[in-house]
Every structure is written in C-alpha cells, then in structure tokens.
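Listed below are the residues making up each chain.
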Amino acid sequence: MVEQLKFIVEQLKRPPFNRKDYNILTFDNLTNNQLLQVLTDVFAVIDPKEQAHKIDIRDEEPDKTATRHMNTLKMLGYRPKLDTDVNTFRQNLVSGDKSVVFPILQWLLEKVPEHKERAYLGRYLSRTEVPTEFLSDPEIAEQYERCDELMEEFKEIHHAYKETTSTPHTIEDLRRDIKQLEDEKETLQKRLEKQKPRVQKVPAAQIELAKNYRQEVEKEAKLNTMKQDLQNAINQLEQKIQRLERQIADQRSSSYDQSPEAIMKRMEEENQVNSYLVTEKFPKQLSQMKTKLKYYEEVTSNKALGQTELTSYRAKISELNSAINKLHEKRVLIKDPTADNLAVFRQQALIVARRKEQAAERLTQLRAENDVLEKQSGRGASINGGGGGGVSSLMKQAGHIPQGEEFQRYVNMLRSKGNAYKRKRQELNDMTAEIQLLKRTEELLKEQVEQIKSRMSMEERKQGIEGYFSTQERLEQLSTMKMEQDELKGKSLDEITNLIKTLNTRISSKKAELDPILKEVKPLRAKVQELRSEYEAKKTKYDALNANFESSRSTLESEVRGFYDEQYAQESRFHTLRAQMLIHAVQLKRANDEQSSYMSKDKATKSTRELLNKQISDYEVRIKANRDRQKATKDVHIDGTKQMKYWRDLLRMMELKQKLATGDS
C-alpha cells in the first residue's frame, strides 16, 4: 500500500500533472470526493478532447460521475481483480473508496502514453451496437457498413502514421540523403557527358532505328497490357455467365410448382408470418424494451444507494420470494389435478407458442443476414480490383457489352483515369511526406528553442543576471508591437505619436534598468575570462600528471601481474612436491615394515615377501597341472578325430553297397 501511494504521488508531481503539493500523508488523507476529483483530472489529461472530464465533480451528480468513470475505464480496457464483484466495484467507485481508486490511479499512471493513444483511438473506433432487427432496414444497414469501412480506413491511416513517425528521420539524415542524391546526379551527368561524344559519332539512321525500336517496344508493352485487360474482362464475363446459368438452373429447379394456387398459398403463409410479427412479436418486444427503458430511467434518476439501503432491499426481496413460494405451495395443495381438464392443452399451447417465437426469431435473423449478404454481393459485383474489374463494372452500368472501338475507348478511358489517379495519389503522398517533414522540423526547432532558452536561463542564473534574456525578449516584443502599430492604418497622427512616445519611454526605462546590470556584467566577464584561463592551465597540468600516473600505474600493474603468475607457479610446484613426499613416505613405511617382519624371529606373522612367494608357487603348480591336462586333451582329440574319419568312411562305403544292391547307378 505504501509503495502504491509513493508511486502515485511521484507520478502526480511530474508533468503534465504538476501536483507539487502532494506527499504520501496528504494524499492518503484526501477525502473520497477529492480522490474522485483527482481521478477526473487524470482522465482529463489522458483524454484532453473529452470536455466532460474538465469539470468540478461537486457541480456534477454522483450517478453521472460514476457513469462517466465506468465508460472511460471500459474504453481504456481496465480490468479489476478476478475476485471482485461488479456491483461492489461500481458501488465503491461511486463512493470513492481508496481500495478501488488507488489501483485505478496506479494502473493509469503506469502507462500514460499508451492510455492516451487508446483514448484517442477509442473515440473513433467505438462501435455502436445496433439490434439485429434494425439491420434489416437497408438505409441503417448501409450506414452501419459505411461506419465499419471508415473505421478500417482510420485504422490503416493511423497504422501508416505510426510507422512514419516511428522512423527516426532527422535533419542530418535528410541532408545526408540529399547530398548522396546530388553526388549521384553529378556522377550521372559526368557519365552522360562522356557518352555524348560517342553518340554523336553514331549515324543518324541508326539513331532513328533505335528510336523506332524503342517506340515499338513501348507499343508492345501497351498491347500486352491491353491484352491482359481484355483477358481479365473475358474472365469476369465468363464468371458472370456461369453465375447467371446457375441462377437460371436454380430458378428452373424451383419452378416445378408455379401454379396460381401454390403462389397464393405461399403468399398467404408469408402474410400470416408477417402479421404475426407485426401484431404479436414486435409489440411484445417493444413493450419489453419500454419496460427496460423505464427501469433504466428509474435507476439513473435515483441517487446512488448506500450499503444499508441495499441490505434492506435485499431483505425485502428475500421476504417476497419466500411469500411467493408459500403461495405457490398452497395453490398446488388446494388444486385438484383431475379438475383441470385443459392443463395438457395449455401446456401444449405454451410449447407451440414458444416454438413459434423461436421460429420468428430465427426468421428475423435469417432475413437480416440475407440483406447483409445481398448488399455485400452487390457491392462486390460493382467494385472489382484491376482493369478487368473496372471494365466489367462499366459494362454492367452501360447495360450491354461494347465491341470494337467502343471497347477500346472504355479501356483508354480507364487507363487515363488510372494514370491520373496514380499521379494524384503520388502528389498527395509527396505533399503528405513534405507536411510531415515540415511538422517534424517545426517540432525540432521548437525543442531547440526551448533548450536554448533553458540554457540561457541557467547561464543567467550562473552569471547573476537572471531575467536578462526574458527582458531582451520583451524589448523585442515591444519593438515588434511598435512596428505593428506603425503599420496599422486608419489611426490619427496623435495616437501614433502618443504610442511612439509611450514605447520609447518604456524602451528607455527598460534600457535604464539594464544599464546597471550590464555594468555589473562587464567585470564579471573579465573575471570569467581569467578563471577560464586559469582553469585551462590547471587542466593541462592535471592531464600531464594524469598521463604520468597512468603510465606508471600500467607498469606497476604489469609487474604485479608477473609476481602473481610466479607465485601461482611456485604454489603449484610446492603442492606437487608435497604430494610426492607423502607418496614416498607411505612407500618407505611399507618397505620398513616389510624389512622388520622379514628379520624378526616371530613366524606367526608372515611377511609380504613370503606371501608373494607362496602365491607364485601356487600359480606355478596350477600352470603345470593345466599344461598336463592340455597335453592329455590334445592326444584324446587326435584319436577322436581319426575315429570320426573312420566312421565317415565306413558310412560312405555302406551307402555305396546299398546303391549297388538296389541297382541305382
């Protein structure tokens, strides 16, 4: 909460608010009406074109203030917290509660430029909600579509404006571009001068041939363009023919029953539908709207309700609901279900009426959509892009298809209009760019003037002659006024003489006021010169000392860096040697232990040498046993191999005997 207050107060102290008298304590102690006034002032800064915000809320009714605030927040896109009830939020905003006003102020002050742009766009891009049944009126629908088109056009223009203003073009950039273009122009002129002698040597007949060739190329390009236009027109006409053929086929398929009785029946059904809409549906909707309007007028005419009044009204509503429920229960208990024979029919009639209303709503919606689609299709048929689209629209307007020279005139007319449009559009773009450049130049010059004025005022305060520049400006203004007054006609000589005397008197008085100041300025200027020379000398001395210091400092830094590197190398060598010493100490200890155990007479503990010798002897015994086994295995393997060979030969011999016995060759 404190950080929020601090941020709001700091932002309000800055331009364009300039509320220097606020601090955290004073702002926290503001009343609810004062907070609402601050909120209104912030809205006035964000949306300066809205005159409704430039008001003292004490002169405005609370309901209007709340409605204005709610509409502005809706336009800016403010969203309260998710757990906030809308009615509670509105009630707290009407009363100016701090829990609602402080977050709104923080949200507004965080992004003032974005909110200004949103307010500016919201003024021109806010859609007017039109009921669907009113869109069935052609004029209203046309105006509504026109409004949408203008909004889209405004969006495109604003987007182009933003892109143009966001491009960082400065005077220096433009001058640089102009200089570059001038250099290119000079280069082209030099090349042209070089080419002129070469062209003069070419015979006139060849130049004439080149000229004729260029004309033929241009003519070919024009013919290709004309061919493309004609092709587009042919495509458009083919599409139109296909569409008309489909319409004819649809009409033929739907005209299977076009007898007078069927037509009369359809007209009677349509008449019944329209009579139902006029006599039942529309009056009912109108009465409902009037009731809502009356209710809204009562709500707006009454003052804002307090929390106690709302609580009492809610209690009354709950009591009435409980009484209605009790009466309904009594009616159900008293009523005999068998006595009402029409209950089923009433229920069915209610269902039919409800379905009838739904069908009527659907019919109204479909009619509105049909009207919109018909207008869109009509506009698409009359407005087509490109040459072919323009020709087809002219053909449609003319009511026939031109042929030969008439079609050529159409094409020439469209081409001339297109060229004129492009030329005018280019001129308009050039003028727009020039206007934007001049506006930007004017803004830059104004900023430079303001900066120069601020620097002049600072120098005047430093030199102790504050107000000299403003006095000089006033003198110039007086001189300008004198010149303007001299140029005026229709005044008598006495008035002009008196005016001149007055101006001279004022000028002399101002000069008399400035003379002592100027006399005081002269010695100050001499003193400034002396101080400046002294400053330059001391600055030169300081620069020399600083250079010497920097050179010595760099030398010392390099030496220190070398010492650090040597220290790191010695430390790493020390740690390596230390680790080697530890390893050697462990090895020496093991050798001493082995020697002591070997020389001792106690045979209970065997030395490492004896253990290793025992392991070696064990491994030698194993190796000898394995070698004997290997030798035996080789002998057995050789005998088994020979035996398998004998068995294979025996088997082959038996197979041959069997074949001979059976007579197989």
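Residues numbered from 1 in each chain as written. Predicted model: local features only at pLDDT ≥ 70, side-chain atom pairs only at ≥ 80, totals over all residues. Heavy atoms only, no water.

1. Description of the overall build of the protein
Looking only at helices and strands, the protein has 18 helices and 0 strands in total. Within the span of the protein, comprising 665 residues, buried residues form 14% of the whole. Contacts spanning at least 24 positions in sequence make up 62% of the contacts within the protein whose residues lie at least 6 apart. Just so you have it, the protein exposes about 54,100 Å², and 56% of that area is on carbon and sulfur atoms. (Helix = DSSP H or I, 4+ residues; strand = E, 2+ residues; numbered from the N terminus. Buried < 20%, exposed > 50% of the residue type's maximum accessible area, 1.4 Å probe, protein only. Contact = heavy atoms within 4.5 Å. Areas by Shrake-Rupley, 256 points an atom, 1.4 Å probe, with all protein chains shown as cover.)

2. Some details on the packing of aromatic side chains
For the coordinates displayed, the defined rule picks out 6 aromatic pairs. An aromatic cluster is present here, built from Tyr22, Phe27 and Phe102 joined pairwise through their rings. (Phe/Tyr/Trp six-rings, centres within 6.5 Å; stacked < 30°, edge-to-face > 60°.)

3. A short note on the packing of helix H3 (residues 32-46) against helix H5 (residues 86-95)
The description of two packed helices rests on the angle between their axes and on the distance between the axes. The interhelical angle for the contact between H3 and H5, taken along N-to-C directions, is 100 degrees, at an axis separation of 8 Å. The angle between H3 and H5 places the two elements in the roughly perpendicular class. Residues Asn32, Leu36 and Leu39 of H3 lie in contact with H5, whose contacting residues are Leu93, Val94 and Ser95. The residue makeup of the contact of H3 with H5, split by class, is 4 nonpolar, 2 polar and no charged. (Axes fitted to C-alpha atoms, helices over the stretch in contact; angles between N-to-C directions. Parallel < 35°, antiparallel > 145°, perpendicular 65-115°, else oblique. Nonpolar A, V, L, I, M, F, W, Y, C, P; charged D, E, K, R; others polar.)

4. Brief notes about the confidence of the model for the protein
Looking at the protein as a whole, the pLDDT averages 76, with 77% of positions reaching at least 70. Counting interchain partners and residues more than four positions distant, the pLDDT-below-50 stretch residues 337-342 has 2 contacts. Confidence over residues 380-401 falls short of pLDDT 50; this stretch has 27 contacts with residues more than four positions distant or in other chains. (pLDDT = per-residue confidence, 0-100.)

5. Observations concerning the nonpolar core
Leu12, Phe27, Val38, Val42, Ile104, Leu105 and Leu108 are the most contacted members of the largest nonpolar core, which has 28 residues in total. Listing elements by their share of this core, those giving two or more residues are helix H1 (2-13), H3, helix H4 (62-76), H5, helix H6 (98-110) and helix H7 (112-125). (Core = buried A, V, L, I, M, F, W, Y, C linked by side-chain atoms within 4.5 Å.)

6. Here's the deal with unusual backbone geometry
Between Pro15 and Pro16 the backbone carries a cis peptide bond, its omega angle lying at 5 degrees. Turning to its location among the elements, Pro16 is positioned in the loop between H1 and helix H2 (24-28).

7. Structural notes on H7
Under the 1.5 Å per step criterion, the end-to-end length of H7 is 19 Å for 14 residues, consistent within 8% with the ideal 20 Å. Val112, His115, Ala119, Leu121 and Gly122 are the residues of H7 that are buried. (Expected span 1.5 Å × (residues − 1).)

8. A word on H3
Its 15 residues give H3 an end-to-end C-alpha distance of 21 Å, which sits within 8% of 21 Å, the value for a rise of 1.5 Å per residue. Residues of H3 that are buried include every one of Leu35, Leu36, Gln37, Val38, Leu39, Thr40, Val42, Phe43, Ala44 and Ile46, and no others. In this structure, the buried side of H3 is in contact with H1, H2, H4, H5, H6 and H7.

9. Topic: the packing of H3 against H6
Running from N to C, H3 and H6 cross one another at 20 degrees; their axes reach a closest spacing of 11 Å. When the interaxial angle is binned, H3 and H6 end up roughly parallel. When the axes of H3 and H6 are compared, the crossing they make is left-handed. Where H3 approaches H6, its residues Leu35, Val38, Leu39, Val42, Phe43 and Ile46 are matched on the opposing element by Lys98, Val101, Phe102, Ile104, Leu105, Leu108 and Leu109. For the contact of H3 with H6, the class distribution of residues is 12 nonpolar, no polar and 1 charged. (Left-handed = near helix turned anticlockwise from the far one by under 90°.)

10. Some details on a negative patch on the surface
A surface patch of like charges, here negative, comprises Glu182, Asp183, Glu184 and Glu186. Position of Glu184 relative to the elements: it lies in helix H9 (residues 171-200). (Patch = residues over 30% accessible without salt bridge, like charges linked within 9 Å, V, L, I, M, F, W, Y side chains within 5 Å. Salt bridge = Lys/Arg side-chain N within 4 Å of Asp/Glu carboxyl O. Lys, Arg positive; Asp, Glu negative; His and termini not counted. Charge placed at Lys NZ, Arg CZ, Asp CG, Glu CD.)

11. Focus: the side chain of Asp47
On the secondary structure map, Asp47 appears in the loop between H3 and H4. Residue Asp47 is classed as buried on the basis of its relative accessible area of 7%.

12. Describing the pattern of salt bridges
Following the criterion strictly, the structure yields 11 salt bridges and no others. The closest approach of N and O atoms between Asp28 and Lys98, which form a salt bridge, is 3.4 Å. In this pair, Asp28 sits in helix H2 while Lys98 sits in helix H6, placing the two residues 70 residues apart along the sequence. Given the relative accessible area of 27%, Lys98 is considered partly exposed. A salt bridge links Asp56 to Arg58, with the nearest nitrogen and oxygen atoms 2.8 Å apart. A cluster of three or more residues bridged by salt bridges with shared partners is formed by Glu550, Arg553 and Glu557.

13. Quick word on a nonpolar patch on the surface
On the surface, Trp647, Leu650, Met653 and Met654 cluster together to form a nonpolar patch covering roughly 440 Å² of accessible area. Leu650 sits in the partly exposed class, given a relative accessible area of 38%.

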